[in-house]
Every structure is written in C-alpha cells, then in structure tokens.
Amino acid sequence: MNTLLSDTELLTRLVAFDTTSCNSNLPLVDFLCDYLDRPGIEIVRNESPDGDKANLVVFVGPPVEASRQGLVLSGHMDVVPAEEPEWQGDPFRLRDAEDRLIGRGSSDMKGFVALAANRAARLDPSRLRHPLVLLLTYDEELGTLGAHHFVDTWPRQRTLPRNVIIGEPTSLKVVRLHKGHLKMRIQLDGVPAHSGYPHLGHNAIEPAGRVIQALASLRRELEKERPENHHFFPQVPFVALNVARVEGGTAINIVPERCTVELGARVLPGMTSDTLVDRIRDAVETVTRGERCTVELTGDSPPMLLESEAPICRCLYRLTGQQDTVSASFATDAGWLQHLGLDCTIFGPGSIEVAHKPEEFIPKSELFQAGEMLDELIPQLCQ
C-alpha cells in the first residue's frame, strides 16, 4: 500500500500539477492511479477522443447493485490559467498563509479532490456494503467537456451509485440547482480590399455592429422575462445573455474580411437550450440578410435541478443544518451527469468568489470541516 498523506499534503501534491486546461492532465491521472491503487479498488480511465486527457473513475468496495446505493464524489482536475501578475508566489506551489492555503485550484477544486481521494484511500473495501466511487473529470473549465464525453461513452450497463456530491466551492452550502451555460459564435465574412479603394471590398465589421445591437435588444427582452424556477435566483432571475468577445480586421488600411462575435447565455433549470438558440439565430438573421453569416453553437453546459426530497439532499441538509434552498449561477459537471440518472448535489469547501482569481485560496477551517462531514456521511451511505 502506498504511504498515505494528510489532506494538506495531498492538496500540495495536486496543486503542483499544472493542469491548466490547455495541458494534458495525464500526469495527475497517473499520480492518482498510483496513490489509490491497492486490493479492493478498481480504477478505470475514460480517455478523451485524442487520448491526451482522461476522466478517472475509482470504485471502492462491492459492485453497484440494482438499488444503486452508495456514494459518488466528483470533481474536475483541470484549472484555469494562472498568468495574472498579482500572484505573490508560484501559483502551482501551495502556500500556507495562517488561516488559508493559497494556490491555483486550491478552491476550484483540488481541495475537494484531495479530500475525496484520501477518503477512498483510507477506506477498507471489505467493510463496505455499498461502493464509494470517485469520478474525476477533465476540461470542466472549458465547458464541462470531460463530463459530456463521459456521459456519451460510459457503458449504460455499468451503473453508478445514484447519490452524487460534486465538490465545487460553495462555502459548504448545499446547492441543488444551477444555471446552464450556452455558448455561440457568429461569423461575418466580407471581402478584403485596400481602404483607399473600399468599393473593391465589403466590410465585415459593419454588419457585426448590427448583430451586436440585435443581441443587446434580445438581452433586454430576456431580462424582462421570468422563466420557470426564476424565484430560486433572486439576484438574476432571468436568462443572462452576454456578448463577450468581438474580433475583426487586420489593419487600419485594410477593409476587414472577417468579424467574429462570441456570446454566452445562462439558461435556467427547466429550460431547454434549443428555444434560446432559435431566438438568437432569429435575432441575428433579421439584421444580416444579404450578408455571409454563420451562427454556430460552440458549447452547451446544461442547467441542473434536484428535488429537495432526494436522499442525498436530505442527508446533506441534516449534516449541515441547512434549511433554505441555495442556487448557483455557474454551470458544473452535474448538468451532464444527471443524464445518467444521477442525483447530483453541489457541495464543497472554498468560495467561488476567489476561484479564477490571483491568490486563489481555500480556508483551512473549511477544508477540515468538509473532511469531517465526508467522514460522517460515507459510513451512512456506504457501510
């Protein structure tokens, strides 16, 4: 058996792997496979289409039965870039700063991954009546790509326990619903020419301006609407549409040949993205007749909704003492994983407010408290 590390020691090791989404995560996958490998544990790699990355599934204990009892602890292994100049040290070297641990991914979400891996490593598989499963994904930060691939490729006859905790940073609040994130790209094609002879070209940026105005008008319409489940999102009770990126032209003296507009929309639980895609296409096509224009769906992370009476919700509510419903306006792997008949809750240490920022940190107290909660919950659901 490999030497077990403390939760902080394991988090230090995990942060040291630069798993920025542009990199392969296989070195971290290899490390976790080695760390967890022992009798009574089954490890399955679910490779990405190009083989450069992998989801990791770890089964501890007996096979999943028809009742699908047990527990899945899930998290993503990738992190966002850490290129901000405000970092006061190496982002991939965990720093101890009194009440907090600082490093890229400490909160989002290698802190929870360390807790989950150590709980799996410390269990005696022979004492479990129901399995504990780890499901660790790749490229969540790029649009839940690993979870989507897992849902598409995982054998349907190989069921997982129904109860799932996805350890995104929620400051130890139990989240049972979140918005989705729809991403689209609009490309306008013109004809390049010397700007002194504009009649020989066709400007691609000018119709893009009309597209942006049309999308702004649609955004205002959406802000007035109140879809199903809007009351769970009191701060933003509508579909939030964001024109996020515009790129076009090559030089001041050239009529621009191409312009690209990229946008995102936060879809509420209970909605389907198809309807919103159609509305966006209609808004764009209305102002681009006669133009060479393509509208492309580039990403779709579905929203998630779990009933408050689901067993995993009731367990976590009892454990935390929480009584109110908490929602999240960010998307997670749960949007896809629920398509496998999984009851997904979002619950983990750390705050989303420090994720994706320089000097990202996880409070030591929350890391410790989350570990204690898992130590209490796992026996309830697995032993």
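Everything here concerns the structure above.
Residues numbered from 1 in each chain as written. Predicted model: local features only at pLDDT ≥ 70, side-chain atom pairs only at ≥ 80, totals over all residues. Heavy atoms only, no water.

Trainee: I tried to follow the overall build of the protein on my own but got confused; where do I start?
Mentor: From N to C terminus, the protein includes nine helices and 18 strands. Relative to the 2.2 N^0.38 estimate, which gives 21 Å for 383 residues, the radius of gyration of the protein is 23 Å and therefore close to what a compact globule would have. Over its C-alpha atoms, taken along the principal directions, the protein stretches across nearly 80 × 45 × 40 Å. Of all 383 residues assigned to the protein, the portion counted as buried reaches 52%. Of the contacts formed within the protein by residues at least 6 apart in sequence, a portion of 80% connects residues at least 24 apart. Accessible surface for the protein amounts to roughly 17,300 Å². Of this, 49% is attributable to carbon and sulfur atoms. Within the protein, one finds 38 positive and 54 negative side-chain charges whose respective centroids are separated by 3 Å. (Helix = DSSP H or I, 4+ residues; strand = E, 2+ residues; numbered from the N terminus. Rg over C-alpha atoms; globule rule 2.2 N^0.38 Å. Buried < 20%, exposed > 50% of the residue type's maximum accessible area, 1.4 Å probe, protein only. Contact = heavy atoms within 4.5 Å. Areas by Shrake-Rupley, 256 points an atom, 1.4 Å probe, with all protein chains shown as cover. Lys, Arg positive; Asp, Glu negative; His and termini not counted. Charge placed at Lys NZ, Arg CZ, Asp CG, Glu CD.)

Trainee: Looking at this model, I keep getting lost on the sheet that holds strand 11 (residues 240–248). Mind explaining?
Mentor: Two strands in a sheet stick together by hydrogen bonds in their backbones, pointing the same way (parallel) or opposite ways (antiparallel). Taken in spatial order, the four strands of this open sheet run 11-13-9-14, and their pairing is antiparallel. Only two strands of the sheet have a single neighbouring strand rather than two, namely strand 11 and strand 14 (292–301). Averaged over all pairs of adjacent strands, the angle between strand axes in this sheet comes to 15°, irrespective of strand direction. In the packing of helix 5 (residues 205–224) onto the sheet, the strands contacted are strand 9 (181–189), strand 11 and strand 13 (258–266), and the crossing angle to strand 11 comes to about 170°. (Pairing = 2+ DSSP bridges. Axes fitted to C-alpha atoms, helices over the stretch in contact; angles between N-to-C directions.)

Trainee: Would you explain the environment of Pro-207 in this entry?
Mentor: Looking at where Pro-207 falls in the secondary structure, it is placed in helix 5. Counting along the chain gives 18 residues from Pro-207 to Asp-189, while the straight-line C-alpha distance between them is 9.6 Å. Ignoring any residue separated from it by four or fewer positions in sequence, one finds Pro-207 in contact with Leu-188 and Glu-291.

Trainee: What exactly am I supposed to notice about the nonpolar core here?
Mentor: Generally speaking, soluble globular proteins have nonpolar side chains that are buried together. The biggest cluster of nonpolar side chains holds 79 residues, and the ones touching the most others in it are Leu-32, Leu-71, Leu-73, Leu-132, Ile-165, Leu-337 and Leu-377. With nine residues, the single largest contributor to this core is helix 3 (residues 106–122). In contact with Ile-165, not counting residues within four places along its chain, are Leu-71, Val-72, Leu-73, Ser-74, Phe-112, Ile-312, Leu-316, Thr-345, Phe-347, Leu-374 and Leu-377. In terms of nonpolar packing, the next biggest core, distinct from the first, is built from 26 residues, Ile-186, Leu-188, Val-261 and Val-267 among them. (Core = buried A, V, L, I, M, F, W, Y, C linked by side-chain atoms within 4.5 Å.)

Trainee: What exactly am I supposed to notice about the environment of Leu-14 here?
Mentor: Structurally, the position occupied by Leu-14 is in helix 1 (residues 7–16). What makes Leu-14 buried here is its relative accessible area of 1%. Once the C-alpha coordinates of Leu-14 and Lys-110 are considered, the two residues, 96 residues apart in sequence, prove to be 6.6 Å apart. If sequence neighbours within four positions are ignored, Leu-14 has contacts with Leu-28, Phe-31, Leu-32, Lys-110, Val-113 and Ala-114.

Trainee: Explain helix 4 (residues 145–153) here, please?
Mentor: Think of an α-helix as 3.6 residues a turn; residues three or four steps apart then line up on the same face. Within helix 4, the full set of buried residues consists of Gly-146, Ala-147, His-149, Phe-150 and Val-151. Those residues of helix 4 hidden inside the fold are in contact with strand 1 (41–47), strand 2 (54–60), strand 6 (132–137) and helix 8 (334–337).

Trainee: So what exactly am I meant to see when it comes to the environment of Pro-234 here?
Mentor: Tracing the backbone shows Pro-234 in the loop between helix 5 and strand 11. Distance from Pro-234 to Gln-88, taken between C-alpha atoms, is 36 Å for residues 146 residues apart in sequence.

Trainee: Whenever I open this one, helix 9 (residues 364–382) confuses me. Can you help?
Mentor: With 19 residues, helix 9 extends 27 Å from end C-alpha to end C-alpha; this agrees with the ideal 27 Å at 1.5 Å per step. For helix 9, the set of buried residues is Glu-366, Leu-367, Ala-370, Gly-371, Met-373, Leu-374, Leu-377, Ile-378, Leu-381 and Cys-382. (Expected span 1.5 Å × (residues − 1).)

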